[in-house]
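Summary of the model geometry
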Amino acid sequence: MPQSFSVPRLLINRLRDVMAGDMEADTRLQKVVTLIAGTMVADVCSIYKRTDTDELELVATEGLAATAVHQTRMAFDEGLVGQIALSGEPLSIQDAPRHPAFSYRPETGEDPYHAFLGVPILRGGRVIGVLTVQNRTERLYDEDEVDSLQTIAMVLAEVVASDVPTQPSSADPRESRPITLRGRILGEGLGLGAARLHDPIVSPARYFTDDPDAEARRLSTALRQLQASLDRMLTNDVSAIFGEPREVLEAYKMLASDPMWAARLEETVRSGLSAEAAVDRSRREHRIKLENAADPYLRERLHDLEDLDNRLLRVLAGSDGSAVGADGAEAGAASEVLIARRLGPAELLEYRNSGLAAIILEEVAPSSHAAIVARALGIPTLGGVAGISNAVAQGDQVIVDAEQGTLHVRPDQDLLTAYETRRLMRTERQAAFQALKDQPSRTRDGVDIKLMLNAGLALDMDAMEKTGAEGIGLFRTEFQFLVSDTLPKMESQIGLYRQILDYAGNRPVHFRTLDLGGDKMLPNANKGEEENPALGWRSIRFALDRPGLFRRQLRALVRAADGGPLSVMFPMVTKAEEFFEAKALLMEEIEWSVARGFQAPCEVRTGAMLEAPALAFSLGELASEADFISVGTNDLLQFFFAADRMVPSVSERYDFISRPALRFLDMVRQECERHQLPVSVCGEIASHPLEALCLIGLGYHTLSMPASGVGPVKRMLRSVDLSTFGPEFRAAIYDSNADLRNEVLSIADIQKIALKDHG
Ligand code: PEP
Ligand code: MG
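Below or above, wherever it landed, is the structure these notes cover. (Residues numbered from 1 in each chain as written. Chains lettered and ligands numbered in written order. Predicted model: local features only at pLDDT ≥ 70, side-chain atom pairs only at ≥ 80, totals over all residues. Heavy atoms only, no water.)

1. Re the site of ligand 1
Around ligand 1 sit 14 residues in total, of which Arg-476, Arg-512, Glu-611, Asn-634 and Arg-645 are the nearest. Between ligand 1 and Arg-512, the relevant distance is 2.7 Å, taken from an oxygen atom to a side-chain nitrogen or oxygen of the residue. Within the backbone of Gly-632, one N or O atom sits 3.3 Å away from an oxygen atom of ligand 1. Protein contacts shield 99% of the accessible area of ligand 1, which totals 290 Å² for the unbound molecule. (Near = heavy atom within 4 Å. Polar contact = N/O pair within 3.5 Å; in protein donor to acceptor, adjacent residues only side chain to side chain. Areas by Shrake-Rupley, 256 points an atom, 1.4 Å probe, with all protein chains shown as cover.)

2. Remarks on the packing of helix H25 (residues 659–674) against helix H28 (residues 722–734)
It is the contact of H25 with H28, at a shortest axis distance of 10 Å, that shows an interaxial angle of 120°. Regarding the angle of H25 to H28, the classification is oblique. Handedness of the H25/H28 crossing: left-handed. For the pair H25 and H28, the contacting residues are Arg-659, Leu-662, Arg-663, Asp-666 and Gln-670 in the first and Phe-729, Arg-730, Ala-732, Ile-733 and Tyr-734 in the second. Residues of the contact of H25 with H28, tallied by class, amount to five nonpolar, one polar and four charged. (Axes fitted to C-alpha atoms, helices over the stretch in contact; angles between N-to-C directions. Helix = DSSP H or I, 4+ residues; strand = E, 2+ residues; numbered from the N terminus. Parallel < 35°, antiparallel > 145°, perpendicular 65-115°, else oblique. Left-handed = near helix turned anticlockwise from the far one by under 90°. Contact = heavy atoms within 4.5 Å. Nonpolar A, V, L, I, M, F, W, Y, C, P; charged D, E, K, R; others polar.)

3. Considerations on the coordination of the magnesium ion (ligand 2)
For the magnesium ion (ligand 2), the full set of protein donor atoms is Glu-611 (OE) and Asp-635 (OD), and the range of their distances to it is 2.0 to 2.1 Å. Of this pair, Glu-611 sits in the loop between strand E19 (603–610) and helix H22 (619–623) while Asp-635 sits in helix H23 (residues 633–640), and the two are 24 residues apart along the sequence. A relative accessible area of 3% means that Glu-611 is categorised as buried. Its relative accessible area of 2% is what places Asp-635 among the buried residues. (Donors = N, O, S within 2.8 Å, 3.2 Å for Na, K, Ca; no water. Buried < 20%, exposed > 50% of the residue type's maximum accessible area, 1.4 Å probe, protein only.)

4. Section: the packing of helix H18 (residues 490–504) against helix H20 (residues 547–561)
Remark: H18 packs on H20, axes separated minimally by 8 Å, with the N-to-C direction vectors making an angle of 45°. Classified by the angle between their axes, H18 and H20 sit oblique to one another. Of the two elements, H18 crosses H20, and the hand of that crossing is right-handed. Counted together, Met-490, Glu-491, Gln-493, Ile-494, Tyr-497, Arg-498 and Leu-501 of H18 and Arg-552, Gln-553, Arg-555, Ala-556, Leu-557, Arg-559, Ala-560 and Ala-561 of H20 form the full contact between these two elements.

5. Notes on the side chain of Glu-336
Within the secondary structure, Glu-336 is located in strand E10 (residues 336–340). Within the structure, the side chain of Glu-336 is placed 2.9 Å from the side chain of Arg-196, a separation counted as a polar contact. Setting aside residues no more than four positions away along its own chain, Glu-336 makes contact with Gly-193, Ala-194, Arg-196, Gly-355, Leu-356, Ala-357 and Ala-358.

6. Side note on unusual backbone geometry
In this structure, Asp-54 is a non-glycine residue whose phi angle is positive, near 60°. If you trace the backbone, Asp-54 turns up in the loop between strand E1 (44–50) and strand E2 (55–62). For Asp-54, a relative accessible area of 34% gives the class partly exposed. In the Ramachandran plot, Asp-562 falls in the positive-phi region, its phi being about 50° despite a non-glycine side chain.

7. Concerning H23
Counting buried positions along H23 yields seven of eight residues, so the element is predominantly enclosed. Taken together, the buried positions of H23 are Thr-633, Asn-634, Asp-635, Leu-636, Leu-637, Gln-638 and Phe-639. Contacts from the buried residues of H23 go to strand E16 (472–476), E19, strand E20 (628–631), H25 and strand E21 (679–681). Immediately beyond the C-terminal end of H23, within one or two residues, lies Ala-642, with a positive phi of roughly 50°.

8. Considerations on the sheet that holds strand E7 (residues 179–182)
Read from one edge of the open sheet, eight strands run E7-E14-E13-E9-E10-E11-E12-E8, paired in mixed fashion. Bordering the open sheet on either side are E7 and strand E8 (184–187), each of which pairs with just one other strand. Going across the sheet, the axis of each strand differs from the next one's by a mean of 30°, ignoring polarity. Two strands pair when backbone bridges link them, and strand E9 (residues 189–197) and strand E13 (residues 397–402) are joined in this way by six bridges, in the antiparallel orientation. When the bridges of E13 are listed, Gly-189 appears paired with Ala-402. (Pairing = 2+ DSSP bridges.)

The values are spatial; any link to function lies outside them.
Okay, here's the thing in structure tokens:
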């Protein structure tokens, strides 16, 4: 928890008077630096402002030569001031001229000063200037002084940002320049809207208070309201995602009731700052710690704290603390692009009905919980867009192109026109796919191909109606665990599985048991040190070694089936014994449930996911016990090509459409047929028309994929005559050495197979 904090009350009061006074911006800042120098017994106090050309210009000083104001300019990374601007962190130095980064500026007359303390002036997470104090003598400023100067910098931020002109232009770069940034596609689609910053900005008008007692009461009322709003969320129905997300919210609630947090905020308010300023200060501290924390568990906690700060700011602004509705914005009003450093799944859910056009996250985390939820909500989402919160201001127009992985802030007319064309094309495409929804999924020569969905949240189930998919080929049960902070209780698991089965009705659902480990670690799990987590203690290995956790899940599945059919598949089975062991546990759980008066499923089907190549050579052994095989090409191909699926530089290096991979999959399918094991494919490649064409060409007739693939794949397969494509395709695989991708493309072209999105 934070250390003690003190800014002299007198200084706060005087600062407030200076801020409130009617005067020129330059005069105001001059008064501020004089005041700070006097109170902190500093010989020098200066303010540098970032210009629109990213230089740092001296805009006010007490102690340095007055003639240097608006004349001294430094590069953004120059000198000690530049170091602070670059790092965004305070810097305290006993003898500045001896520091290697010191940059001597004779025009300022700063020769005799030794001690130096500087802090960044931050606004919306962006460094907009630097505030420094200096002393003649060599000394190190203490923590309280660093702390005080940071608080003053916070108070100054808006004045520096808005009032102070720099030479030659006063424009804030964010207000003018259109820019284009790149990000990683977390949820596919296109979106255009006004930027909505998830983290509230505190207005400078609300930094001070005249009446600290009244302000302390206001703060304590807000804290109570915050707790009440969390209570309400706890009882609200957010079952769309995880049955009951109590664990996440309970963790927030505990943090919100922390007396240390409240005491610290009150202490700040009693120094003469407003409740908003106190919370903003706390948020900055959490953010800085977050930036420096490497441990993922600590990062999660610090993020929760930052999130609470934001919620409390919203409560103080008059909303109930939820992200939607802050600033008086109406849910479902004009399209907005949500911009956040990062988001928790519960926060994102709060935006569920507010018609977000897109989401941009600063952090990169394709498997992040918010990304999982965003995909399920069908909102175009880009992640890993470093610096977005610095580049965009509230209300800026933003185009999010989550088809190509780019975004344009303040786009010009050409970009807007191009966007509109792309959007229309996408809409037409979607409409064409929609029209196919109820058409049979059958090739031209009458072969039925079953198209199923990959899902992981209750929200995904909507896609079944929208796409006309025939069931859930892969239900990733670990998502419920990943979006929660603590292990979901059995009741929550039963609730979710039941919801899925109810929704599916007569359509089949294949529940994949917990696939944890590798890239899918539980938030609180002790990861241990694994050199190669993808090859490590994960999936069925982890489940069999943790039978308590695994059995609870199996029990929940049996209970959810409630006498109906149940289909379960086990992830990353490498040898047949693992499958036998897992299946035996399932059977024991059925017996256990029956002994306690619950109904046994009327039909139990068990399958193995073929993800480790070794299993391809144990299919005969497996056939005595398994009912089906599901080929998980995401993992299978990474093991087959020895290329980590999480590392783009290698994962995109090996083409699935290559003879080794296709010959291997051909062998797998034939082996399955020989042993009378039904087989399907459920990796991402099944959602790409060309790859799916290869799969059906090999004889795979059941494909499970993300919802976005169903339309394009159905369109493709309805244009294929397998009796002509199959033999030519096989000849290309077995009797030719030419580039296989090109060969397949040319066969498809000649046979007029609809591979493109349109036309
Ligand atoms: C796979 O590996 O192909 C698969 C479907 O499972 P996941 O992507 O969840 O590892
Ligand atoms: Mg897998």
